[in-house]
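Geometric and topological summary
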Amino acid sequence: MITKPKGTKDIYGIEAKKWQYVSKVIDEVMEKYNYDFIRTPVFESSELFHRGVGQTTDIVTKETYDFTDRGGRNMTLRPEGTAGVVRSYIENKMYGNDNKPTKLYYNMPMYRYERPQKGRLRELTQFGMEILGTDDPMSDAEIISLAVNIYKILGLKQIKVNINSLGDEISRNNYRNALIKYFRPHINELCEDCHERLEKNPLRIIDCKVDKDKEVMKMAPKTIDYLNEESKQRFEKVKEYLEVMGIDYAVDPTVVRGLDYYNHTVFEIEAKVEGFGAQNVIGGGGRYNYMVEQLEGPKTAAIGFASGFDRLMLALEKENIDILVNNSVDLFLLYVSEDEKKYAAYLLNDLRMHGFIVETDYLNRNLKSQFKQADRLNSKFTIVLNDNDLKNNEVKIKNNATKEVEMVSLDALIYYLDENLTEEVCDCNLHDHGCNCEK
RNA sequence: GCGGAGUUGGUGAAGUGGUUAACACACUGGUUUGUGGCACCAGCAUGCGUGGGUUCGAUUCCCACACUCCGCCCCA
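Reading the values: the criteria
- Residues numbered from 1 in each chain as written.
- Chains lettered and ligands numbered in written order.
- Predicted model: local features only at pLDDT ≥ 70, side-chain atom pairs only at ≥ 80, totals over all residues.
- Heavy atoms only, no water.
- Helix = DSSP H or I, 4+ residues; strand = E, 2+ residues; numbered from the N terminus.
- Contact = heavy atoms within 4.5 Å.
- Polar contact = N/O pair within 3.5 Å; in protein donor to acceptor, adjacent residues only side chain to side chain.
- Axes fitted to C-alpha atoms, helices over the stretch in contact; angles between N-to-C directions.
- Parallel < 35°, antiparallel > 145°, perpendicular 65-115°, else oblique.
- Left-handed = near helix turned anticlockwise from the far one by under 90°.
- Expected span 1.5 Å × (residues − 1).
- Buried < 20%, exposed > 50% of the residue type's maximum accessible area, 1.4 Å probe, protein only.
- Arc of directions from axis to C-beta.
- Pairing = 2+ DSSP bridges.
- Salt bridge = Lys/Arg side-chain N within 4 Å of Asp/Glu carboxyl O.

1. Quick look at the environment of Tyr 288
Looking at the element boundaries, Tyr 288 is found in the loop between strand E10 (281–287) and helix H10 (291–294). Taking the C-alpha atoms as reference points, Tyr 288 and Leu 413, 125 residues apart in sequence, are found 60 Å from one another. With residues near it in sequence (within four places) discarded, Tyr 288 still touches Thr 82, Val 86, Glu 130, Leu 132, Tyr 261, Asn 263, Thr 300, Ala 302, Ile 303 and Gly 304. Within polar-contact distance, the side chain of Tyr 288 engages the side chain of Glu 130 at 2.5 Å.

2. Let's talk about the packing of helix H12 (residues 338–353) against helix H15 (residues 413–420)
The angle between the axes and the distance between the axes are what describe a pair of packed helices. Between H12 and H15, whose axes approach to 11 Å, the crossing angle comes to 50°. When the axes of H12 and H15 are compared, the pair comes out oblique. H12 and H15 meet at a crossing whose hand is right-handed. Within the contact between the two elements, H12 uses Leu 347, Asp 350 and Leu 351 and H15 uses Leu 413, Ile 414 and Leu 417.

3. What about helix H9 (residues 229–244)?
Here H9 is 16 residues long and its end C-alpha atoms lie 23 Å apart, about the 22 Å a rise of 1.5 Å per residue gives. Of the residues making up H9, those classed as buried are Ser 231, Arg 234, Phe 235, Val 238, Lys 239 and Leu 242. For H9, the arc enclosing every buried residue in end-on projection is 140°, short of the 170-degree limit, so these residues lie on one face. Relative to its buried face, H9 has exposed residues pointing more than 90 degrees away, namely Glu 229, Glu 230, Glu 243 and Val 244. Structurally, H9 contributes buried residues whose contacts are with helix H5 (137–154), strand E7 (159–165), helix H6 (169–183), strand E8 (250–251), strand E9 (263–271) and E10. After H9 finishes, the residue Gly 246 shows a positive phi value of roughly 75°.

4. A short note on the sheet that holds strand E5 (residues 102–111)
Read from one edge of the open sheet, eight strands run E1-E5-E6-E11-E10-E9-E7-E8, paired in mixed fashion. Looking at which strands have only one partner, the edges of the open sheet turn out to be strand E1 (36–37) and E8. Sheet analysis places E10 next to strand E11 (residues 302–308), joined by five bridges and oriented antiparallel. The partner of Gly 285 across the bridge, within E11, is Phe 305. Sheet contacts for helix H1 (residues 13–32): E5 and strand E6 (123–132); angle to E5, the most-contacted strand, approximately 160°. Along the sheet face, helix H11 (residues 309–318) touches E5, E6, E9, E10 and E11 and points at about 105° away from the line of E6.

5. Concerning the pattern of salt bridges
In this structure the tally under the stated criterion is 19 salt bridges. One salt bridge in this structure joins Asp 140 and Arg 234, with 3.0 Å as the shortest N-O distance. On the criterion of sequence distance, the pair formed by Asp 140 in helix H5 and Arg 234 in helix H9 is long-range, its members being 94 residues apart. Its relative accessible area of 8% is what places Arg 234 among the buried residues. One salt bridge connects Lys 299 with Glu 293, and the closest N-O pair in it is separated by 3.9 Å. By relative accessible area, Lys 299 is classed as exposed at 62%. By sharing partners, the salt bridges in this structure join Asp 135, Asp 140, Arg 234 and Arg 287 into a single network.

6. Things to note about the side chain of Glu 44
The topology assignment puts Glu 44 in strand E2 (residues 43–45). Separated by 2.5 Å, the side chains of Glu 44 and Arg 87 make a polar contact. Other than its neighbours up to four places away in sequence, Glu 44 contacts Phe 49, Asn 74, Met 75, Thr 76, Gly 84 and Arg 87.

Just geometry here; none of it tells us what the structure is for.
Right, dumping it as structure tokens:
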């Protein structure tokens, strides 16, 4: 048997319906926030990720799917979304659009060559959004609130938002140097991974899980202390806007993020649900004011957020949030004779073209089994076609909820279904998004 | 890349070096030749992750590999 590659997943059945539902909610929310959908190629020149994401990040140095195409070009399956979006922004000269800033969102698969475990796959789906062309702290607050609000609308309650600021380039460099200066004499007190980090990416020592409780760590320089006045004020502004929007957050100086391109605001959103597993960060992001330039575009400030779709689904499951999945059909047609079957074929086509969800038996089952099938599909109505009824131009239709059976003339069937299938709508403000209110 | 656990049908699972791999759910058919969802009866893995090896004989023992899960690193 041929099996799926390691770290990949088939999404089908109820799970697929849930994915479609969550995607739809994301689309709806993004539309309200006026973000445009973008889809970029699954593979890009390897160089894009080396320059965009950074040479010292693990996802570029040891986790990419690289290949050489038949023309000898070095290609990489995208490990994250931002670099491709920025490339597209530059290549398509979106900075020239009159509509500024540029607000984009995506929902697409990413690829990282990792050892899979719960909440971590080699092919993962991320949705995310970017605002390019403004450095206004309000845009930082918008991205964070937007992320939180999507989770909120989906029903997640047990999430925690951690934010921090790395400051501008000068602040970040000062901080980096301070870290090196501080940790060098203490190198032997740190774990082995941190030895390497000291040279490569000293910021990451700060969020090391092995050393986090050691004395050296408690005395270590904090990002906040190395922000210059401008960066500090900027961070204050971001927090003010978040407070106005009613977004709960915590300032966590250990949030430094693994991707090289961040500066100023960085943030992570974690699921605080019991039994979620080690991979509990469901989303994260930050500001990247230098990436566009680094990829040879005009100097453009930008901020973005990305969320793991699979981890989001896991969080919804762990919080026992029932996603309302339409798992029923309007009408099931039953038949026995060949003439009845023919009429079923006609009705099936006709009613579907009128917008009803209609099903029938395709396996020439006996009546009892057809009824079973109708039940399995949660059909709201059933019609047992009957040659005699058809001669009189009518059908016997049964409402499966009330068990009432009525004779309806064929001419009035569509009208009858229209009348009886009207949905009750609750008026809570989340009912479009699968509220759990009592109807 | 490193460490650990696991892999029996559509599903949940029991089990053994030896002629028929329990049990339950689901499914299919019948009792009931056109109104079901109940009940009863019957059927339903020539195979126990894949490939080798040991053996008269392996699902069971050994080895390798694959995949899943847990943890590290890292990240979503």
